[in-house]
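Per-entry structural report
For reference, the chains in residue letters:
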Amino acid sequence: MTAALALGDDALVLSHRLGEWAGHAPVLEEEVALANIALDLLGQARVLLSLAGDEDELAYLREERAFRNVQLVEQPNGDFAHTIARQLYFSTYQELLYEELARGDGPFAPLAAKAVKEVAYHRDHAEQWTLRLGDGTEESHQRMRRALDALWRFTGELFEPVEGCEVEWSALHGAWLSRVTAVLTRATLSLPEGPWRGAWAAGAGRQGIHTEPFGPMLAQMQHLHRSHPGAAW
Amino acid sequence: MTTTAADAGAGAYEAVFDAALAADERIEPRDWMPDDYRASLVRQIAQHAHSEIIGMQPEANWISRAPSLRRKAILMAKVQDEAGHGLYLYSAAETLGTSRDELLDKLHSGRQKYSSIFNYPTLTWADVGAIGWLVDGAAITNQVPLCRCSYGPYARAMVRICKEESFHQRQGYELLLALSRGTEAQHAMAQDAVDRWWWPSLMMFGPPDDASAHSAQSMAWKIKRHSNDELRQRFVDICVPQAESLGLTLPDPDLKWNEERGHHDFGPIDWDEFGEVLRGNGPCNTQRISQRRRAHEEGAWVREAAAAYAAKHGEARA
Amino acid sequence: MSGEGNGAWPLWEVFVRGRRGLAHTHAGSLHAPDAEMALRNARDLYTRRSEGVSLWVVPSASITASSPDEKDPFFEPAADKPYRHPTFYEIPEGVRHL
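Residues numbered from 1 in each chain as written. Chains lettered and ligands numbered in written order. Predicted model: local features only at pLDDT ≥ 70, side-chain atom pairs only at ≥ 80, totals over all residues. Heavy atoms only, no water.

1. Some words on the overall build of chain C
Tallying secondary structure elements over chain C gives one helix and three strands in all. Secondary structure of chain C in N-to-C order comes out as β-β-α-β. When burial is assessed residue by residue, chain C has 45% of its 98 residues classed as buried. Considering only contacts within chain C whose residues lie at least 6 apart along the sequence, 50% involve residues at least 24 apart. Here chain C displays about 5,000 Å² of accessible surface, and carbon together with sulfur accounts for 51% of that area. (Helix = DSSP H or I, 4+ residues; strand = E, 2+ residues; numbered from the N terminus. Buried < 20%, exposed > 50% of the residue type's maximum accessible area, 1.4 Å probe, protein only. Contact = heavy atoms within 4.5 Å. Areas by Shrake-Rupley, 256 points an atom, 1.4 Å probe, with all protein chains shown as cover.)

Okay, structure coming up:
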């Protein structure tokens, strides 16, 4: 179940990163919003990982190289602009992907049909904030631009075919580009110009090659579970 | 309220207020109320709201390390609820004419307090369970009577909060039960957490009645319905059988049933420790406030951006 | 006034329709920079346990209250603040100790 792991790990890892915001959000209302998104994603991850095996064994006992998430979702939260840029790139992709999967009759259709409503909300949240940060103050505009640029090179990987997902990947990429471009234009921003993938190991996250911040994240996530082998919680 | 006070003086307003209290009616935001009643409510609601948002920190400390995905989801939902409860309470305080920004300023500058319990650290995963069972349990014991508080918005906020919080205590109890019945190491972890959280939980009810500065007036105003000692006793009586079912021991050699009183007797509380923590010398006071202040300061550019966007795009600004 | 400027967000009143066939009922309030965000914050905060099917948000400052029993001078100094607003939360059924 390569696809269940890929999609499940995306949701799990992004949920974990969003959970790190708890107690640190810029305003109380946003504590609630970010937690909602994190909880939706965690719910999706649990369903997807359960299709592939035992959710906790998969989450807590795999080594870093066995995780199949894209590198985008493991990137540290950074400032709020980085989190929003990550959300915009990922949730736009996830919504398009789930729309496709929901239309098909593959194993993910039921999950995708339910999740696509949640994801549409995540995408809306990211868009609303992209507009406000992009077209807010000079400072917020600069921060948003820097964040979009910094994460841009992780976006190409989103459209590497995932075995088991019957999706027209290049069409997905085209749709993604036009949606993201439309939002950025409204936000008085523009699409970053640099390369949209790293120079080595294309599609690396899906092959188990991750970025350095992922190791410490997993160490923290897995430490307690691994310290008590076989224990129930 | 049926009395019309349209052309009367302050005395008549006060009479209307007193009559409403006597009839157990709610006071609502636009009603006349004594200045001290208003001030007392703002102080209490603000402290309560601050406690909710500072209280997110010790538990959020374990979100990244929660040992199963189920526990991770529960903990995230719980910490989210605390943010929501903070919001309900700040809104209740705003009906009294104090903005959330003013209250946050006072929290950040140390002029308003939050519950001292959150100045204790969460050292192990079991602390998440102990907080749910004991800290939330004590909070609920305190809060249930507040659903009948004389000030309408506060009472209604508390109804909502109590309803949502019922799962908080249960998840904590269930978490501890799993540990207590788990491996030897897990059981020890649970016992250690209960040992550390029991006494601070008892302190959550505030100083003994004979030393409580605000109690008598708050009771007369029906902001408060039961005395500190009364609620503390109720909590102890509830916890003793629950601890037995958990298979854990409450760390008090003097704890025993008193047939005559129909209550459990319990040992003396270390009020010196309480006073020290209250004065800012608890293990986490500085850390909690500085994290809170940092989040607020680092979020300033975000709040400003959204306000600037709204102004640019001609949104109705209140 | 601290409710304005410097990035402080105005206050909004939230009304929730619990289910079809019921009127919108005041659920509480929140802060948001504008109406769109107010709606989204309201959805997150007041319907996260599936409490509603439809939401209204209204700037608190736009609400005019009738209060025949009151006389404004008695409200100084709070009368110039937009934070006064009537009934807050519906009291749900099934909560004990009410």
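2. So, the pairing of strand S1 (residues 11-17) of chain C
Residue and element names in this part refer to chain C. Burial of S1 is extensive: six of the seven residues sit out of reach of the surface. Of the pairings in the sheet, the one linking S1 to strand S2 (residues 24-31) comprises seven bridges and is antiparallel in character. Looking at S2, one finds that Phe15 is bridged to His26. Counting the residues in the hairpin turn of S1 and S2 gives six residues, including Gly21, whose phi is positive at 100 degrees. (Pairing = 2+ DSSP bridges.)

3. Description of the packing of aromatic side chains
Under the criterion given, the structure shown has 20 aromatic pairs over all chains. Measuring from centroid to centroid gives 5.9 Å for Trp152 of chain A and Trp176 of chain A, while their planes differ by 25 degrees, and the two rings are stacked. In this pair, Trp152 of chain A sits in helix H7 (residues 138-152) while Trp176 of chain A sits in helix H8 (residues 169-186), placing the two residues 24 residues apart along the sequence. Ring centres 6.1 Å apart and planes at 15 degrees place the aromatic pair Trp198 of chain B and Phe235 of chain B in the stacked group. Here Trp198 of chain B is found in helix H8 (residues 184-203), whereas its partner Phe235 of chain B is found in helix H10 (residues 228-246), with 37 residues between them in sequence. We classify Trp198 of chain B as buried; its relative accessible area is 0%. (Phe/Tyr/Trp six-rings, centres within 6.5 Å; stacked < 30°, edge-to-face > 60°.)

4. A word on the sheet that holds S1 of chain C
All names here are of chain C. Strand order in the open sheet made by the three strands is S2-S1-S3, with antiparallel pairing throughout. Strand pairing shows two members of the sheet lacking a second neighbour, S2 and strand S3 (54-59), which therefore form its edges. On average, each strand axis in the sheet is tilted by 25 degrees relative to the strand beside it, whichever way the strands run. (Axes fitted to C-alpha atoms, helices over the stretch in contact; angles between N-to-C directions.)

5. Concerning the pattern of salt bridges
All told, the structure shown has 34 salt bridges over all chains when counted by the stated rule. Glu63 of chain A is the salt-bridge partner of Arg226 of chain A, the closest N and O atoms lying 3.8 Å from each other. With a gap of 163 residues between them, Arg226 of chain A in helix H9 (residues 214-227) and Glu63 of chain A in the loop between helix H3 (55-61) and helix H4 (71-74) connect regions that are remote in the sequence. Since its relative accessible area comes to 33%, Arg226 of chain A is described here as partly exposed. Residue Glu36 of chain C pairs with Arg132 of chain A through a salt bridge whose shortest N-O separation is 3.1 Å. Of this pair, Glu36 of chain C sits in helix H1 (residues 35-46) while Arg132 of chain A sits in helix H6 (residues 109-134), each in a different chain. Connected through salt bridges with shared partners, the residues Glu95, Glu99, Arg123, Glu127 and Arg179 of chain A form a single ionic network. (Salt bridge = Lys/Arg side-chain N within 4 Å of Asp/Glu carboxyl O.)

6. Here's the deal with the nonpolar core
Tyr98 and Leu133 of chain A together with Trp125, Trp133 and Tyr151 of chain B are the most contacted members of the largest nonpolar core, which totals 193 residues. Those residues within four positions of Trp133 of chain B in sequence are excluded, and the remaining contacts are Gln169, Gly172, Tyr173, Leu176, Val194, Cys239, Gln242, Ala243, Leu246 and Leu250 of chain B. (Core = buried A, V, L, I, M, F, W, Y, C linked by side-chain atoms within 4.5 Å.)

7. Overview of H10 of chain B
All names here are of chain B. For H10, with 19 residues, the first-to-last C-alpha span of 26 Å sits near the 27 Å given by 1.5 Å per residue. Taken together, the buried positions of H10 are Asn228, Leu231, Arg232, Gln233, Phe235, Val236, Asp237, Cys239, Val240, Ala243 and Leu246. For H10, the secondary structure elements touched by its buried residues are helix H6 (126-143), helix H7 (152-180), H8, helix H9 (215-220), strand S2 (263-265) and helix H11 (271-281). Positive backbone phi, at 80 degrees, marks Gly247, one or two positions downstream of H10. (Expected span 1.5 Å × (residues − 1).)

8. A few points about the packing of helix H1 (residues 2-19) of chain A against helix H2 (residues 28-52) of chain A
A packed helix pair is summarised by two numbers, namely the angle formed by the two axes and the spacing between the axes. Residue and element names in this part refer to chain A. Running from N to C, H1 and H2 cross one another at 150 degrees; their axes reach a closest spacing of 7 Å. In terms of orientation, H1 lies roughly antiparallel with respect to H2. Of the two elements, H1 crosses H2, and the hand of that crossing is left-handed. Residues Ala4, Leu5, Leu7, Gly8, Asp9, Ala11, Leu12, Leu14, Ser15, Leu18 and Gly19 of H1 touch H2, and the partners they reach there are Leu34, Ile37, Ala38, Leu41, Leu42, Gln44, Ala45, Leu48, Leu49, Leu51 and Ala52. Of the residues in the contact of H1 with H2, the class split is 17 nonpolar, four polar and one charged. (Parallel < 35°, antiparallel > 145°, perpendicular 65-115°, else oblique. Left-handed = near helix turned anticlockwise from the far one by under 90°. Nonpolar A, V, L, I, M, F, W, Y, C, P; charged D, E, K, R; others polar.)

9. So, the interface of chain B and chain A
Counting from both sides, the interface comprises 45 residues of chain B and, opposite them, 47 residues of chain A. Between chain B and chain A, a total of about 3,900 Å² is buried, with carbon and sulfur atoms accounting for 67% of that surface. For chain B, the biggest contributors to the area lost against chain A are Leu69, Trp301 and Tyr309 of chain B; these three give 21% of the whole. Inspection of the region where chain B meets chain A yields two salt bridges. In this structure, Arg100 of chain B engages Glu29 of chain A in a salt bridge whose closest nitrogen and oxygen atoms are separated by 2.6 Å. Our enumeration of links across chain B and chain A arrives at 16 residue pairs in polar contact (both at pLDDT 80 or more). Sort the elements by how many residues they give to the side of chain B that touches chain A and helix H4 (residues 69-94) of chain B lands first, with 14 residues. Taken together, the residues of the side of chain B that touches chain A sort by class into 27 nonpolar, ten polar and eight charged. (Buried area = accessible area lost by both parts, 1.4 Å probe. Polar contact = N/O pair within 3.5 Å; in protein donor to acceptor, adjacent residues only side chain to side chain.)

10. Notes on the state of the cysteines
Residue and element names in this part refer to chain B. Here the structure, examined in full by the defined rule, presents zero disulfides over all chains. Take Cys162: it sits in no disulfide, and the sulfur closest to it among the cysteines is that of Cys147, at 3.7 Å. Residue Cys162 is classed as buried on the basis of its relative accessible area of 11%. (Disulfide = S-S within 2.5 Å.)

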